[in-house]
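Examining the three-dimensional arrangement
Spelled out from the first residue to the last, the chains are:
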Amino acid sequence: MVSQPEPADISNSPYHKLADKYKIKIDFRQFIKVDPIDSKEFRKQKIDILKHTAIIFTSRNAVDHFFRICKDSKIEMPPEMKYFCISEQTANYLQKYIVVRKRKVFVGERTAQDILNVIKKHKNEKYLFPCSNIRKDDIPSFMNKDGYNFTEAIIYKTVAADLSDLEHITYDILAFFSPSGINSLFVNFPDFKQNNTRIAVFGPTTAQAARDAGLIIDIEAPLPNAPSMTGALELYIKKANGLK
């Protein structure tokens, strides 16, 4: 079980190729869901969006919900607003809402540290960080510690999805990608026992959440020889079945 939505182009997905190669069955299920925060609730945070000169985006969800709040609040982004995006994919997605000007959009390679390295060159901006109620601490910690003009805005909530229909179904492997996914498992099944189920995790924060929950991790990514979850799963399958 992969605790993410099924890829849109499943036939070209590395999961499909893995399943086909080793004759295994892979199910997909989103363990978490995103609930919007409405404009009335947002106003309670007393944040004036237009008093900021730069927006930090770390996901498509953040982009969608930020511009939803702007639309509901009748706020139009000024052309001089700068945008700092964690990846090229997020920056490209931004074009759904604004006309992207290269000089106004700054892009990291993939990680929070990448975009923070870009932000270091723009110390004098007034930054707004639209995010979920559950988020990693790396960006806020860096911005506050180094004295940036920085405001965090919670614009959506990450909550556990209803998994009650899975109560009597067991899987050989459960693959997790965030601490929220681990949390959802125990919100839905407080008495969950790992028994013979193997736990796969992606990223150090997910791994820590799994250990904190008392789970034994069998498969971990990214690693030098397995940068992706599918790569780590394939290594485990080979090892478990004595394959080369």
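Up top you'll find the structure we're talking about.
Summarised in this report is the structure supplied together with it. (Residues numbered from 1 in each chain as written. Predicted model: local features only at pLDDT ≥ 70, side-chain atom pairs only at ≥ 80, totals over all residues. Heavy atoms only, no water.)

Its location among the elements puts P130 in strand 5 (residues 126–132). With 108 residues separating them in the primary sequence, P130 and Y22 have C-alpha atoms 42 Å apart. Ignoring sequence-local partners within four residues, the contact set of P130 consists of I55, I56, F57, A62, F66, A153 and I155. (Helix = DSSP H or I, 4+ residues; strand = E, 2+ residues; numbered from the N terminus. Contact = heavy atoms within 4.5 Å.)

Moving on, we get to the pattern of salt bridges. This model, assessed by the stated rule, comprises ten salt bridges. Salt-bridge contacts for K21 lead to E234; the nearest nitrogen and oxygen are separated by 2.8 Å. Note that K21 is positioned in helix 1 (residues 14–22) and E234 in helix 9 (residues 229–240), a separation of 213 residues in sequence. When its relative accessible area of 54% is taken as the criterion, K21 is described as exposed. Salt-bridge contacts for K25 lead to D27; the nearest nitrogen and oxygen are separated by 2.5 Å. Through salt bridges with shared partners, one network takes in R135, D137 and E152. (Salt bridge = Lys/Arg side-chain N within 4 Å of Asp/Glu carboxyl O. Buried < 20%, exposed > 50% of the residue type's maximum accessible area, 1.4 Å probe, protein only.)

So, about helix 8 (residues 204–212). For helix 8, every residue scored as buried is listed here: T206, A207, A209 and A210. Each buried residue of helix 8 sits inside an arc of 160 degrees when the element is viewed along its axis, so together they form one side. In helix 8, the exposed residues that point more than 90 degrees away from the buried face are P204 and D212. On its buried side, helix 8 packs onto strand 7 (173–176), helix 7 (179–188), strand 8 (198–202) and strand 9 (217–221). In the segment just after helix 8, G214 is the residue with positive phi, at about 85 degrees. (Arc of directions from axis to C-beta.)

Two elements in contact, helix 5 (residues 112–119) and helix 6 (residues 138–145), have axes whose closest approach is 10 Å; the angle formed by their N-to-C orientations is 25 degrees. Relative to helix 6, the element helix 5 lies roughly parallel. The handedness of the crossing between helix 5 and helix 6 comes out as right-handed. Here helix 5 contributes A112, I115, L116 and I119 to the contact with helix 6, which in turn contributes D138, I139, F142 and M143. Of the residues that constitute the contact of helix 5 with helix 6, the class distribution is seven nonpolar, no polar and one charged. (Axes fitted to C-alpha atoms, helices over the stretch in contact; angles between N-to-C directions. Parallel < 35°, antiparallel > 145°, perpendicular 65-115°, else oblique. Left-handed = near helix turned anticlockwise from the far one by under 90°. Nonpolar A, V, L, I, M, F, W, Y, C, P; charged D, E, K, R; others polar.)

Most often, soluble globular proteins have nonpolar side chains that are buried together. Counting 25 residues, the largest nonpolar core has F57, F66, F67, Y83 and L94 as the members making the most contacts within it. Elements supplying a minimum of two residues to this core: strand 2 (54–57), helix 3 (60–72), strand 3 (82–85), helix 4 (88–94) and strand 6 (149–160). Sequence-distant contacts of Y83, defined by excluding residues within four places in its chain, comprise I55, F57, F67, M77, L94, I98, K104, V105 and F106. (Core = buried A, V, L, I, M, F, W, Y, C linked by side-chain atoms within 4.5 Å.)

Bringing the pairing of strand 8 into the picture now. With four bridges connecting them, strand 7 and strand 8 associate as parallel partners. For I173, the partnering residue across the bridge sits in strand 8 and is R198. Taken together, the four bridges between strand 8 and strand 9 define a ladder with parallel strand orientation. Its bridge partner lying in strand 9, F202 is registered against A221. Note on the crossover from strand 8 through helix 8 to strand 9: the handedness is right-handed. (Pairing = 2+ DSSP bridges. Right-handed = clockwise from strand over helix to strand, strands pointing away.)

Estimated volume of the largest pocket: approximately 2000 Å³. Lining the largest pocket are 45 residues, and of these T58, S59, K136, F177 and S178 sit closest to its centre. Looking at the lining of the largest pocket, the elements with two or more residues in it are strand 1 (32–36), helix 3, helix 4, strand 5, helix 6, strand 6, helix 7 and helix 8. Taken together, the residues of the lining of the largest pocket break down into 19 nonpolar, 19 polar and seven charged. Two domains share the lining of the largest pocket, each providing at least three of its residues, namely domain 1 (14–31 + 165–241) and domain 2 (35–158). (1 Å grid on protein atoms, 1.4 Å probe; cavity = no way out; pocket = protein on both sides within 12 Å on 5 of 7 lines; lining within 4 Å. Points joined across faces, edges and corners; volume = space filled by probe spheres on them. Domains from an automatic or database assignment.)

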